[in-house]
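Structure at a glance
The chain contents come next:
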Amino acid sequence: MTATLRARVLRIFGNALLPLCAAGLALGLAFAWAGRDDLATIAWAVPSGIVGVRLGWSILRDLMAGEAGVDVIAVLAIGGALAMEEFVAAAIIALMLATGETLERYAAGRAHRELTALLSRAPRDVHRYEDGELITRPIDAVIVGDRLLVMPGEIVPVDGLVEGAAAVLDESALTGEARPVTRVEGDQVNSGTLNAGGPFDLRAIAAAAQSTYAGIVRLVREAEGSKAPFVRLADRYALLFVPLTLALAGFAWLISGDPVRALAVIVVATPCPLLLAAPIAIVAGLSRAARRGIIVKGGGPLETLARARVLLFDKTGTLTAGRPRLAGVEAAPGVDPNDVLRLAASVDQVSPHVLAAAIVHGARERGLSLSFPIDVVETPGSGVSGRVDGREVQVGSADFAGHVGAGGGSLPGWARELRRRGAVEGSTHVFVRADDRLAGALVLDDPIRPETPRAIRSLRRAGITRIVMVTGDHASVAEMVGAAIGVDGVLAERTPADKVDAVRQEMADSLGPVVMVGDGINDAPALAIADVGVAMGARGATASSEAADLVITVDRLDRLAEAIRLAKRSRQIAVQSVIAGMGMSLVAMGFAAFGALPVVAGALIQEAIDVAVILNALRALRGGTEVRAHVPGWAETSAGLRTEHRKLAPALARIRRLADGIDALPAGEAAAELEATRSFLVDDLMRHERQEDRTIYPMLAQAIGNEDATAALHRTHTEIFHLIGLYDRLVGDLPPEGPAREDLVDLRRVLYGLDAILRLHMAQEEELYVSLGDESAVADAA
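Here we summarise the structure given alongside this text. Everything numeric here is computed off the predicted structure, so don't read it as measured data.

Concerning the overall build of the chain
Regarding its fold elements, the chain presents 28 helices and 22 strands. By residue count, 49% of the 782 residues in the chain fall in the buried class. Taking all contacts inside the chain whose residues are at least 6 apart in sequence as the whole, residues at least 24 apart take part in 70%. Accessible surface for the chain amounts to roughly 34,100 Å². Of this, 58% is attributable to carbon and sulfur atoms.

Structural notes on the pattern of salt bridges
Taken as a whole and judged by the stated rule, the model has 31 salt bridges. Between Asp146 and Arg128 there is a salt bridge, and its shortest N-O distance comes to 2.8 Å. Here Asp146 is found in the loop between strand S2 (133-138) and strand S3 (147-150), whereas its partner Arg128 is found in strand S1 (residues 125-130), with 18 residues between them in sequence. Here Asp146 matches Arg128 in class, with each residue buried. Here Asp755 makes a salt bridge to Arg656, at a shortest N to O gap of 3.8 Å. In this pair, Asp755 sits in helix H27 (residues 741-771) while Arg656 sits in helix H23 (residues 634-661), placing the two residues 99 residues apart along the sequence. You can call Asp755 buried: its relative accessible area is 8%.

Details of the sheet that holds strand S12 (residues 325-331)
A sheet is described by the order of its strands in space; here 6 strands give the open sequence S12-S17-S16-S15-S14-S13, paired in antiparallel fashion. Edge positions in the open sheet fall to S12 and strand S13 (374-379), since each of these has one partner strand only. Neighbour-to-neighbour, the strand axes of the sheet open up by a mean angle of 20 degrees, direction not taken into account. For strand S16 (residues 428-434) and strand S17 (residues 437-445), the ladder comprises 7 bridges, and the chain directions are antiparallel. Bridging across to S17, His429 finds its partner in Val443. Sheet strands touched by helix H12 (residues 337-348): S12, strand S14 (383-388), strand S15 (391-396), S16 and S17. Its angle to S14, the strand with the most contacts, is close to 105 degrees.

Let's talk about helix H16 (residues 452-461)
Counting buried positions along H16 yields 7 of 10 residues, so the element is predominantly enclosed. Looking only at H16, the buried set comprises Thr452, Pro453, Arg454, Ala455, Ile456, Ser458 and Leu459. At the C-terminal side of H16, Gly463 shows a positive phi close to 110 degrees.

Considering unusual backbone geometry
Apart from glycine, the bulk of residues carry a negative phi angle, and the bulk of peptide bonds sit in the trans form. The backbone phi angle of Asp375 is positive, close to 55 degrees, even though this residue is not glycine. Within the secondary structure, Asp375 sits in strand S13. The phi torsion at Glu493 lies on the positive side, around 55 degrees, for a residue other than glycine. Following the sequence through the fold, Glu493 ends up in the loop between strand S19 (489-491) and helix H18 (496-509).

Examining the packing of aromatic side chains
Taken as a whole, this structure holds 1 aromatic pair when the rule is applied. Residues Phe251 and Phe594 carry aromatic rings whose centres are separated by 6.4 Å and whose planes lie at 75 degrees to one another, so their mutual orientation is edge-to-face. Of this pair, Phe251 sits in helix H7 (residues 229-256) while Phe594 sits in the loop between helix H21 (559-593) and helix H22 (599-617), and the two are 343 residues apart along the sequence. Its end group placed over the ring of Phe721, Arg690 keeps NZ or CZ at 5.2 Å from the ring centre.

Details of the environment of Glu451
Along the chain, Glu451 falls in the loop between S17 and H16. Taking relative accessible area as the criterion, Glu451 reaches 0% and is therefore assigned buried.

What about the side chain of Arg433?
Turning to its location among the elements, Arg433 is positioned in strand S16. Buried charge Arg433 goes without a salt bridge, the closest partner of opposite sign being Asp436 at 5.3 Å.

Section: helix H8 (residues 259-267)
Where H8 is concerned, the buried positions are Ala262, Leu263, Ala264, Val265, Ile266 and Val267. The opening residue of H8, the one whose side-chain oxygen lies 3.0 Å from the backbone nitrogen of Val260, is Asp258.

Observations regarding the packing of H8 against H22
One way to put it is that H8 packs onto H22 with a least axis distance of 8 Å and a crossing angle of 5 degrees. Of the possible angle classes, the one that applies to H8 and H22 is roughly parallel. Together, Val260, Leu263, Ala264 and Val267 of H8 and Val599, Gly602, Ala603 and Gln606 of H22 make up the contact between the two elements. Residue composition of the contact of H8 with H22, grouped by class: 6 nonpolar, 2 polar and no charged.

Quick look at the pairing of strand S18 (residues 466-470)
Counting buried positions along S18 yields 4 of 5 residues, so the element is predominantly enclosed. Strand direction decides the pairing type here: strand S11 (residues 310-313) and S18, joined by 4 bridges, are parallel. Across the sheet, Val310 pairs through a bridge with Arg466, a residue of S18. Note that S18 and S19 share 3 bridges and pair parallel. Directly across from Val470, in S19, lies its bridge partner Leu491. Running through helix H17 (residues 475-485), the crossover from S18 to the neighbouring parallel element S19 is right-handed.

Criteria and thresholds
Residues numbered from 1 in each chain as written. Predicted model: local features only at pLDDT ≥ 70, side-chain atom pairs only at ≥ 80, totals over all residues. Heavy atoms only, no water. Helix = DSSP H or I, 4+ residues; strand = E, 2+ residues; numbered from the N terminus. Buried < 20%, exposed > 50% of the residue type's maximum accessible area, 1.4 Å probe, protein only. Contact = heavy atoms within 4.5 Å. Areas by Shrake-Rupley, 256 points an atom, 1.4 Å probe, with all protein chains shown as cover. Salt bridge = Lys/Arg side-chain N within 4 Å of Asp/Glu carboxyl O. Pairing = 2+ DSSP bridges. Axes fitted to C-alpha atoms, helices over the stretch in contact; angles between N-to-C directions. Phe/Tyr/Trp six-rings, centres within 6.5 Å; stacked < 30°, edge-to-face > 60°. Lys NZ or Arg CZ within 6 Å of the ring centre and 35° of its normal. Lys, Arg positive; Asp, Glu negative; His and termini not counted. Polar contact = N/O pair within 3.5 Å; in protein donor to acceptor, adjacent residues only side chain to side chain. Parallel < 35°, antiparallel > 145°, perpendicular 65-115°, else oblique. Nonpolar A, V, L, I, M, F, W, Y, C, P; charged D, E, K, R; others polar. Right-handed = clockwise from strand over helix to strand, strands pointing away.

See the structure below:
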């Protein structure tokens, strides 16, 4: 008999035990009522004997495997009842054990449901284009570069890029969010998501074994194969319960002289609360976490995470987006910033450099029309050059595009100031040369994730007392990021070995477990040595996911606080179930020892205790997450305003640029720039802010349940309107020939004030989008 067939037979036999025991008990009662005691004895004894033999074999098998069989109490209860001709009691005990086993299978199935669902969804076949035909092939046949067709209702088989028609996807199996998302041509799609729209083509960028879903499946299998420390502790306590039970049963027999009283103690002494409650609660927590895109590699890390007090974060890719973003365009005097960006993005369309993709994406976000470049030459480590609409364009470092030496002494003043500012702020500058003139520079940065500040606050609410950022970045950049998000300590310019030392130091100083969070290959050693290593697995390196104990498969930092809350809840429920169940069993044993609880009544009471404990443990399948208010119409309204945020970004950056350089502009040019900024502020920005007052803020007040909840935001709008009004009057009072030097002081002060308050205000609004659970806000903002 094969192992699979043997397992199936045993499963069928196990499922048949409960109806067999129930039928035996009912049939025996019917025979007894009819006066056929001989047949009643057979009806009660046969199912009891089957259960007893089955349990005895299970104990023997455990002993042969080097494990103690705590079911010995149940075997003694059934054997004792049959030996003392307490056939009704034996039948009830057998029914109790069969019911407990059935409840355990049901509870384990419920607890494993989300983990099992992830495993069962793994696709097995693909539709691949071959010589103009569509052929169905096994998923293992896919190689990088294959063009596949994903049919409606199918699971995306491998990681890839959308080609042709847009894809409408249900990513709930990976992210826990039920809202469908749309991926347009060129967007990456992860395997394991469901095609909720029409068919679309997919260009494979990874084979099946290296794709996102295959990695998640490997992690889930690891998670299912381990035992939590508390579960192992519960097993040891259950073993201690055996001699305690036998001693109390012997005492009851001794003081009463009645072996039936000893049997009553044994009947109510089953350690089911220890054996069932702890593993069910822990596995339920694992399942609940998997539903939210949090894969925990077993009960041990989950239980340790529940006791964590110290967190260390890597910066890049964890607290920040981990990918460059176009933050601004600095143009030389007299040059249109949009022209600088258009020329650079046109050349970068054919560059493989990581910054090139960010520049092209930024240009398309601003609605610029790009031309295809010719005569493109890539100089590794320096930049790229080519011809765009007949113009010679160079994009790259100051040395490359600026035609200067490493010292940058020949750069114009505006470019030297830009380089100094970038060194302080940690931003990257890509210079653009058009024909024989340095036309401008593009500012790129790695922005803080929109959800990061909220995630930090949520972690503190979850019980984390110390948060440290450890990074390889320069100290000035790291200190700025640390101050912005509110961490307790910053460790900058750290190598992978330094990060390991930092984790060890925190472990030595901390009274509780230490958690390390990272996403890169350089984080893997620190993740491996921490009490709990957490990998941001959505875009992180495979090495970090393999080294970690917990992998967050969605690109959301706030899921870490959710994981801690789920871990705390699961452990709390496990401990609660064990203490309550064992307490009730001990009380029942005391009553039985002094003759206040007959055998049959004891069996019924123990059955009730088992049911209560299992149902309580299943509570770990619910709760543990922050409830976010649902606001009708929020997604559509906020999406429109986010689009406006993107459109406003270049003009908002122009405010700071004008304040920095207004001194160097001729009076006439300064007047034109000031007037253009006034037009933007009065006509565009005020309209946008007033629209938020009418639409977004009432929705926020409704979600929070307090009309005054948006008072601070309204107050910010009031200050913005005040500064715009002041700026409008200052520009309106300028003489026709342009501003004099004494006019510039007040103008610069107002411009800097507007820049500061608008940056803060936009950041607050982006965080509010995230706080209401708008997943797309995160992607857009990042």
